[in-house]
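Topology and contacts: notes
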Amino acid sequence: MWRDDVLGIVNAGVGRFLQRVEVEPNFRAGAFEGFRILRLKPEPWWQGVDLKPGDVVTRVNGIVIEKPTDAYAALESLRTADRLSVAYLRAGAPRELSYRIIGGPPNGTPDGGVPKGK
């Protein structure tokens, strides 16, 4: 994924990102497990990303996201990270997405777009 695309998303902020995904807390045996994805919107923005409704996101770049400050920290970590890693559960089985973040041409959209150079 392109650094400029990542920075566009980071600069737009957590609130803007959360307009693209609907989530709810997920608990297992009474303990917080992660955030269950209810809806990804708009769907074309998420094309090529192996996440879908029902998946439970447990960590982003190693950060467990239990409260808004955790989401902010995870997003901000992408400013300098060389990878984006998302740990999640699908039907209870652990999975992980991992994308290299590389320099490259800007996406050209003011709010960040779907990184095409994964």
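Nothing here was measured: the structure is a model prediction, and the numbers come from that model.

As for the pairing of strand β1 (residues 21-28)
Examined bridge by bridge, β1 and strand β2 (residues 31-40) share eight bridges and lie antiparallel to one another. Bridge pairing in β2 links arginine 28 to alanine 31. Two successive antiparallel strands, β1 and β2, enclose a turn made up of two residues, where alanine 29 displays a positive phi of approximately 55 degrees.

Quick word on the sheet that holds strand β4 (residues 83-90)
Consider a sheet: its strands pair through backbone hydrogen bonds, and that pairing is either parallel or antiparallel. On the basis of which strands lie adjacent, the open sheet formed by five strands has the order β1-β2-β3-β4-β5 and antiparallel pairing. If you trace the sheet from one side to the other, it starts and ends with β1 and β5 (93-100), each paired once. For this sheet, the mean angle separating the axes of adjacent strands, direction not counted, is 35 degrees.

What to know about helix α1 (residues 3-12)
Those residues of α1 lying buried are Arg3, Asp5, Val6, Gly8, Ile9 and Val10. The first or second residue beyond α1 is glycine 13, which carries a positive phi of 95 degrees.

Focus: the pairing of β5
Both β4 and β5 contribute to a ladder of eight bridges, which runs antiparallel. Paired with leucine 84 across the bridge in β5 is tyrosine 99. Hairpin connection, β4 to β5: the antiparallel pair is bridged by two residues, and alanine 91 has positive phi, about 55 degrees.

With respect to the pattern of salt bridges
Taken as a whole and assessed by the stated rule, the structure comprises six salt bridges. Across the pair aspartate 50 and arginine 90 runs a salt bridge whose closest N-O atoms are separated by 3.2 Å. Highlighted residues: aspartate 50 in the loop between β2 and β3 (56-60) and arginine 90 in strand β4, separated in sequence by 40 residues. Aspartate 50 sits in the partly exposed class, given a relative accessible area of 31%.

Reading guide: rules and limits
Residues numbered from 1 in each chain as written. Predicted model: local features only at pLDDT ≥ 70, side-chain atom pairs only at ≥ 80, totals over all residues. Heavy atoms only, no water. Pairing = 2+ DSSP bridges. Helix = DSSP H or I, 4+ residues; strand = E, 2+ residues; numbered from the N terminus. Axes fitted to C-alpha atoms, helices over the stretch in contact; angles between N-to-C directions. Buried < 20%, exposed > 50% of the residue type's maximum accessible area, 1.4 Å probe, protein only. Salt bridge = Lys/Arg side-chain N within 4 Å of Asp/Glu carboxyl O.

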